[in-house]
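# Tertiary structure, described
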Amino acid sequence: MYRDVSSLNTYNYGDAPYWDARYVQEGGSFDWYQRYSALRPFVRHYIPTSSRVLMVGCGNALMSEDMVKDGYEDIMNVDISSVAIDTMRRKYECVPQLKYMQMDVRDMSFFPDESFDSIIDKGTLDSLMCGTDAPISSTRMLGEVSRLLKPGGIYMLITYGDPKVRMHVLKQPVCNWKITLYIIPRPGFKGSGNGSLKMSHLEPVPTNEKGLIPPDFVVEDPDSHFIYVCEKIDETAELRGICTSSLTADVF
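The notes below deal with the structure included here.

Parameters at a glance
Residues numbered from 1 in each chain as written. Predicted model: local features only at pLDDT ≥ 70, side-chain atom pairs only at ≥ 80, totals over all residues. Heavy atoms only, no water. Helix = DSSP H or I, 4+ residues; strand = E, 2+ residues; numbered from the N terminus. Buried < 20%, exposed > 50% of the residue type's maximum accessible area, 1.4 Å probe, protein only. Contact = heavy atoms within 4.5 Å. Areas by Shrake-Rupley, 256 points an atom, 1.4 Å probe, with all protein chains shown as cover. Pairing = 2+ DSSP bridges. Axes fitted to C-alpha atoms, helices over the stretch in contact; angles between N-to-C directions. Salt bridge = Lys/Arg side-chain N within 4 Å of Asp/Glu carboxyl O.

This paragraph deals with the overall build of the protein chain. In terms of helices and strands, the protein chain carries eight helices and seven strands. The buried share of the protein chain, taken over its 252 residues, is 45%. Within the protein chain, contacts between residues at least 6 apart in sequence are counted, and of these 74% link residues at least 24 apart. Looking at the protein chain as shown, the accessible area adds up to about 12700 Å², and 54% of this sits on carbon and sulfur atoms.

Structure below.
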């Protein structure tokens, strides 16, 4: 279960020409990892329908369309591939809730600080982690994600990367968030139904002080996907709390 495949790839998954060629060659829509129907409980729990949402690395997936059908009102979709963006922009030109822009997630300076309530990432960080200059690329992307989130906002990462290969990336100095972990089996997986330690995938997974899964925790599907719900810490609110606590202590 504990793996990352970045060293096994020869393609530069952070390179626009690679994705342009792939979208031209393959055509049709494709959702990485999970469809919205499986992710809906998590999305609806953490992201209100009135949120301004940024979908990073949208590709030609149907997830944003499905979210609009489910009541979401404002989704900005970005992708490094101009082919994907042109296709999706034409497809949804009559859907005002969906907007599309060609953009590199490592530099989203077009958007001002704290522009979004929520950011959803289904495989985009994974792509950068499998490309050249992975540490630099992932740091730049996550720095931009953190910058663009409002205090208290949610970055929801859906990935094949378990905590041993993702927590150290998510806990970089450029990020300041509280992380809740979920594990969801791959589509179509049918478990044995055995094992007293298994939990519903709708419940948070217990983690230790390093954010890792305890060794006795059972994950039945070895190819599960991991959902990291990263809530941006409101430093201003924390500071207000500290000041209030100090004042109360002084008064008494």
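A sheet is described by the order of its strands in space; here seven strands give the open sequence E3-E2-E1-E4-E5-E7-E6, paired in mixed fashion. With partners counted over all chains shown, the strands left at the sheet margins are strand E3 (98-102) and strand E6 (177-184), one partner each. In this sheet, adjacent strand axes meet at a mean angle of 20 degrees when their direction is disregarded. Looking at chain direction, strand E2 (residues 74-79) and E3 are connected through five bridges and run parallel. Within E3, the residue paired with Asp 79 across the bridge is Gln 102. Contacts from helix H7 (residues 163-170) reach strand E5 (149-159), E6 and strand E7 (225-232), with the element oriented near 20 degrees to E7.

Under the counting rule described, the total for this entry stands at 16 salt bridges. Put simply, Asp 66 and Arg 35 hold a salt bridge, and the shortest N to O gap is 3.8 Å. Of this pair, Asp 66 sits in helix H3 (residues 63-69) while Arg 35 is found in the loop between helix H1 (16-26) and helix H2 (36-46), placing the two residues 31 residues apart along the sequence. Residue Arg 52 pairs with Asp 74 through a salt bridge whose shortest N-O separation is 3.8 Å. Highlighted residues: Arg 52 in strand E1 (residues 52-56) and Asp 74 in strand E2, separated in sequence by 22 residues. Residue Arg 52 is classed as partly exposed on the basis of its relative accessible area of 27%. Look at Asp 74 and you get partly exposed, because its relative accessible area is 22%. Through salt bridges with shared partners, one network takes in Asp 31, Arg 35, Asp 66 and Lys 122.

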